[in-house]
Amino acid sequence: METPGRIAATPDALDFTVENVEKALHQLYYDPNIENKNLAQKWLMQAQVSPQAWQFCWALLSPDKVPEIQYFGASALHTKISRYWSDIPTDQYESLKSQLFSQIACFSSGSKMVLTRLCVALASLALNTMPEAWPGAVAEMVRVFQEEGGGVDGRARCLALLELLTVLPEEFQTSRLPQYRKGQVRGALGREWGSVCPLLQQLLRRTDSPGAVKARVLRCLSSWVLLDVPLSESEGLVHDCFSALPDPELFDTAVEAIVNAISQPDSQRYVNTLLKLVPQVLALQEQLREAVQNGDMETCHGICRIAVTLGENHSRTLLEQVDHWQSFLALVNMIMFCTGIPGHYPVNETTSSLTLTFWYTLQDEIMSFETEKQAVYLQVYRPVYFQLVDVLLHKAQFPSDQEYASWSSDEKEQFRIYRVDISDTLMYVYEMLGAELLSNLYDKLGRLLTNAEQPTSWQHTEALLYGFQSIAETIDVNYSDVIPGLIGLIPRININNVQLADTVMFTIGALAEWLADHPVMLSSVLPLVLQALGNPDLSVSSVSTLKKICRECKYDLPPYATNIVAVSQEVLIKQIHKTSQCMWLMQALGFLLSALPVEDILRNLHSLITPYIQQLEKLADETPNPSNKLAIIHILGLLSNLFTTLDISKQDDESADGSAPPVKTAPPPPGPNPVVVVLQQVFALIQTVLSKWLNDSQVVEAVCAIFEKSVKTLLHEFAPMVSQLSEMLGQMYSTIPQASALDLTRQMVHIFASETDHFPPIKALFELVTSVTLSIFQQGPRDHPDIVDSFMQLQAQALKRKPDLFLSESLDVKAVFHCGVLSLKFPEAPTVKSTCLFFTELLPHCSDVPPLARVVQEDGKLLVQAVLEGIGGGASRSLMDQFAEVLFCLNKHCFSLLAVWLKEALQPPGFPSSRLTAEQKDNFSQQILRERVNKRRVKDIVKEFTLLCRGLHGTEYAAEY
């Protein structure tokens with residue numbers, strides 16, 4: 001054990017004496033060298049749990065020591081009591097208790113942080129001894145501290161007692177007590193409330209109690225109510241908390257205590273107490289209004305928290321008290337006032353955001369009543385929710401341009417998130433208010449835009465549109481009769497501001513599906529979108545809206561195609577948009593072109609792509625450098641994104657139930673696919689680019705992405721390219737192996753390996769990349785976990801799609817198997833997952849692919865050993881399900897061999913873990929061999945076994961697992 005620098009001279013490195021502990025603490029706090037600090041901390045942690053801690057901790061608490069040293073002594077005491085309780089002999093409980101009592105008395109007028117640690121230590125002792133060894137623990141604490149003596153003044157003793165009573169429930173919440181003890185101790189603490197409650201009440205009600213004492217009483221109450229103290233029993237104290245709210249010094253702690261008391265799950269049983277609380281909360285409205293007038297955000301926040309907590313936790317209970325409906329409606333209106341609190345969030349107020357979840361809860365409760373009852377509540381609450389919509393849209397309004405300009409970027413971001421929350425709330429409220437809500441918004445917007453006398457602020461218009469957009473984005477508005485009117489109003493909006501323009505764009509985007517059903521309306525909104533494309537400030541909204549329109553309405557866009565392509569080309573050439581928006585724009589154009597006749601597609605592709613091809617030819621001639629690398633990747637990315645969506649085959653956009661992916665329903669038009677035509681034209685150029693950049697993984701990735709996206713979109717129409725692409729991939733991978741080339745090979749195997757015409761080039765490519773990768777394994781694969789990962793995924797795909805590939809003489813099946821065994825030991829979890837997938841695909845073929853059967857028979861034991869090594873602690877616990885699947889497959893397909901392999905592999909002592917007994921290993925083996933049907937059960941057996949191997953069985957870690 002290495003000791004910190006300055007105490008390394010001690011004869012025994014484990015010499016945990018008072019003197020050494022003090023030296024180490026000095027080093028921890030004052031040594032400027034971070035390494036020395038870390039060593040000191042490590043040494044002190046060992047000192048804290050050592051047997052010698054019992055000796056030095058009392059000495060460190062001596063009055064002549066500095067607080068940092070005393071604090072360490074108190075912490076060491078708490079550690080020993082809370083974690084090593086079983087080491088303490090029963091006959092020492094009493095002396096330990098009395099020593100702690102006297103130390104707490106000494107420190108009651110000393111260092112606050114040391115006093116708290118000592119109280120936590122005594123609390124831990126109480127939890128370990130109640131109720132059997134220390135019955136009536138709390139009553140005794142109260143009695144001891146109420147007795148005069150020890151030269152400690154009454155106020156200090158009182159504060160020390162309150163600190164002790166406060167930390168007791170807190171220590172219980174974080175204690176490591178076994179589950180059965182937790183139940184016993186919780187019951188014992190509940191019985192002790194009878195000793196605590198009168199004391200707290202007495203201290204809170206005495207007029208001469210100092211503010212510090214009252215604040216500590218409120219903290220203590222907060223702590224105890226978290227133990228589910230019945231609300232009926234703490235009712236008087238909660239009432240006293242309301243009385244403390246006018247006192248600014250007690251306000252925060254009183255709010256915390258009230259909120260904790262009324263949000264306990266058990267509190268809804270005490271209906272009468274809850275009914276008494278409603279008028280107390282309503283009585284805070286005067287204080288709330290004053291706080292709003294004075295700009296006192298903290299008080300607004302606190303009162304709002306109380307009202308929302310009562311409403312949110314007990315809306316069901318309070319709704320059901322029909323005789324008291326008016327008082328609950330008054331509470332709802334109070335919360336409405338908090339939602340609409342004056343000022344802009346988050347600069348002038350932070351309260352309104354607290355209320356949003358209340359409106360969800362109230363709506364859920366109302367809508368969960370049976371129809372007749374629901375109708376009665378809706379009569380009262382529908383108008384409330386219409387008012388809520390007005391309030392929310394008012395809160396969503398932007399401030400004046402001048403004020404908004406003065407906000408920090410953090411405030412602007414918080415406001416953006418707040419508006420998203422409002423948007424989600426409006427969407428939810430729509431379920432209750434339905435089509436009437438849209439009509440309501442439309443009427444307001446119509447009045448706003450057609451009222452010539454009254455000038456309107458853009459903020460007002462924007463907020464109403466934002467309301468529309470919030471609903472239309474996620475809810476099918478196709479049936480709504482107000483949408484045509486809305487689309488008719490949009491061109492009338494005087495767009496003189498970026499935020500308004502953004503919202504107009506997003507609203508049009510949200511209506512893209514509606515436009516697909518009403519294409520006649522495209523002509524009134526498309527010009528706005530194309531105009532916005534030229535404004536860099538509207539980049540995200542205009543491009544994403546155009547993409548949605550091109551995706552949803554592509555069959556109605558041919559009349560506008562020339563215009564859309566021309567505007568898009570112009571903004572691309574002017575480089576108005578950032579890279580990601582350029583990529584979206586290309587996807588939009590892909591959708592648009594898909595619906596045109598083939599000759600039009602080719603003509604448009606020619607004009608769209610030619611400038612980039614010329615640029616790429618120029619770049620391919622240049623010597624590689626960082627700036628031309630970025631330009632090359634950008635151009636390749638544009639092509640990839642265009643080919644991702646350019647699909648000329650007619651598709652069913654969805655199956656009858658909407659669950660299946662799009663399927664190609666009609667044969668493609670005759671002649672070569674336009675994407676293939678373009679790819680064949682640029683193939684030689686791409687090869688030239690590759691030859692210069694072959695050792696740059698990002699460029700190689702960008703090239704592979706073009707083909708991968710095209711293959712995924714075109715599927716079998718990509719066929720004419722298979723042969724030349726296979727050849728290029730093989731040359732590429734042989735020169736400098738990259739994971740992206742393997743991923744593209746996997747795609748090709750997936751789509752073309754089963755086709756007779758394409759099998760020869762795919763087979764040749766598969767064998768080549770396999771042989772190149774095997775040579776990487778011989779040289780040392782640890783530096784290439786990404787290649788190993790992609791290689792294992794490729795092998796798994798080949799086994800799945802075309803196991804015949806493994807019949808080839810040219811494929812070294814044994815070497816591939818060994819690579820898999822080696823890959824199971826990689827530290828990277830994704831690589832191990834892919835390798836497990838490879839083995840679960842391989843093992844079922846033992847019966848129909850002789851070379852695989854041979855290698856499993858000869859070397860299966862190596863696989864079992866590697867899996868056991870991972871389970872034994874060699875691999876992350878998150879991978880246990882994958883290892884279990886491999887064992888399950890072995891058991892299903894190689895049962896008799898597995899029985900022998902498990903026996904042999906588990907024979908050596910200490911494998912797979914030194915913590916296991918022979919009996920535990922034997923038990924595991926039998927359990928695994930028994931389960932040939934229930935995969936879930938095998939996963940549980942493996943999880944159980946890995947915990948035993950790691951020494952975590954029965955610990956809190958196991959509980960989280």
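Residues numbered from 1 in each chain as written. Predicted model: local features only at pLDDT ≥ 70, side-chain atom pairs only at ≥ 80, totals over all residues. Heavy atoms only, no water.

Chemist: Looking at this model, I keep getting lost on the packing of aromatic side chains. Mind explaining?
Modeler: Each aromatic ring pair is described using two quantities: the centre-to-centre distance and the angle formed by the ring planes. Throughout the structure, instances matching the rule amount to 24 aromatic pairs. Each ring, one from Phe-56 and one from Phe-72, has its centre 6.2 Å from the other, and the planes form 20 degrees; the classification is stacked. Remark: Phe-72 occurs in helix H4 (residues 67-83) and Phe-56 occurs in helix H3 (residues 53-60); sequence separation between them is 16 residues. Take Phe-56 and Phe-72: they sit in the same class, and that class is buried. Ring geometry for Phe-398 versus Tyr-404: centroids 5.3 Å apart, planes at 85 degrees, classification edge-to-face. Taken together, the aromatic side chains of Tyr-345, Phe-398, Tyr-404, Trp-407, Phe-415, Tyr-418 and Trp-458 make up a single cluster linked through ring pairs. Taking NZ or CZ as reference, Lys-80 lies 5.1 Å from the ring centre of Tyr-84, over its face. The ring of Phe-337 is capped by Arg-289, whose NZ or CZ atom sits 5.3 Å from the centre of that ring. (Phe/Tyr/Trp six-rings, centres within 6.5 Å; stacked < 30°, edge-to-face > 60°. Helix = DSSP H or I, 4+ residues; strand = E, 2+ residues; numbered from the N terminus. Buried < 20%, exposed > 50% of the residue type's maximum accessible area, 1.4 Å probe, protein only. Lys NZ or Arg CZ within 6 Å of the ring centre and 35° of its normal.)

Chemist: Where do I start with the UniProt feature "domain: Importin N-terminal" (unreviewed entry) in the protein in this structure?
Modeler: With numbering aligned to this structure, UniProt lists the feature "domain: Importin N-terminal" (unreviewed entry) at residues 40-106. Taken end to end, residues 40-106 is 73% helix and 0% strand, and its first and last C-alpha atoms sit 29 Å apart. (UniProt positions renumbered as here; feature names shortened; annotations may be inferred.)

Chemist: Looking at this structure, how should I read the environment of Ile-751?
Modeler: Note on placement: Ile-751 falls in helix H35 (residues 739-752). For Ile-751, a relative accessible area of 9% translates into the label buried. If we skip the residues at most four places from it in the chain, Ile-751 touches Val-711, Leu-715 and His-716. (Contact = heavy atoms within 4.5 Å.)

Chemist: I tried to follow the pattern of salt bridges on my own but got confused; where do I start?
Modeler: Pairing between side chains of opposite charge can happen when the charged atoms of each approach one another. Per the stated rule, a full pass over the model turns up 37 salt bridges. Between Glu-94 and Lys-97 there is a salt bridge, with the nearest N and O atoms lying 3.0 Å from each other. With Glu-94 and Lys-97 both in helix H5 (residues 93-107) and three residues apart, the pair spans about one turn of that helix. Exposure remark for Lys-97: the relative accessible area of 5% places this residue in the buried category. For the salt bridge of Lys-97 with Glu-140, the shortest nitrogen-to-oxygen distance reads 3.6 Å. In this pair, Lys-97 sits in helix H5 while Glu-140 sits in helix H7 (residues 137-146), placing the two residues 43 residues apart along the sequence. As far as burial versus exposure is concerned, Lys-97 and Glu-140 are alike and both buried. (Salt bridge = Lys/Arg side-chain N within 4 Å of Asp/Glu carboxyl O.)

Chemist: Looking at this structure, I do not really get the side chain of Asp-240. What am I missing?
Modeler: In this fold, Asp-240 is placed in helix H11 (residues 231-244). Within polar-contact distance, the side chain of Asp-240 engages the side chain of Arg-205 at 2.8 Å. Filtering out sequence-adjacent residues up to four positions away, Asp-240 remains in contact with Gln-201, Leu-204 and Arg-205. (Polar contact = N/O pair within 3.5 Å; in protein donor to acceptor, adjacent residues only side chain to side chain.)

Chemist: Would you mind showing me how to read helix H34 (residues 722-735) here?
Modeler: One turn of the α-helix equals 3.6 residues, which is why residues spaced by three or four share an orientation. For H34, with 14 residues, the first-to-last C-alpha span of 20 Å sits near the 20 Å given by 1.5 Å per residue. All buried positions along H34 are accounted for by Val-722, Leu-725, Ser-726, Met-728, Leu-729, Gly-730, Met-732 and Tyr-733. In the core, the buried residues of H34 are packed alongside helix H32 (674-693), helix H33 (697-714), H35, helix H36 (759-779) and helix H37 (785-801). (Expected span 1.5 Å × (residues − 1).)

Chemist: So what exactly am I meant to see when it comes to the confidence of the model for the protein here?
Modeler: Regions with low pLDDT carry predicted coordinates that are not meant to be interpreted in detail. Averaged over all residues, the pLDDT of the protein equals 90, while 95% of them reach at least 70. Under a pLDDT of 50 for its full length, residues 1-13 has, in the predicted model, 25 contacts with residues more than four places off or in other chains. In the model, residues 652-663 has pLDDT below 50 throughout and makes eight contacts with residues more than four positions away in sequence or in other chains. (pLDDT = per-residue confidence, 0-100.)

Chemist: I keep staring at unusual backbone geometry and nothing clicks. Help me out?
Modeler: Peptide bonds are, in most cases, trans, and in most cases residues other than glycine have a negative phi. The omega torsion across Met-130 and Pro-131 is -5 degrees, close enough to zero to call that bond cis. Relative to the elements of secondary structure, Pro-131 occurs in the loop between helix H6 (112-129) and H7. Cis peptide bonds are those with omega within 30 degrees of zero, and the linkage from Phe-911 to Pro-912 qualifies with 0 degrees. When you line up the elements, Pro-912 lands in the loop between helix H42 (895-906) and helix H43 (918-930). Located in the positive-phi region is Asp-228, a residue other than glycine, with phi close to 65 degrees. By the secondary structure assignment, Asp-228 is in the loop between helix H10 (211-225) and H11. Overall, Asp-228 belongs to the partly exposed group, its relative accessible area being 31%.

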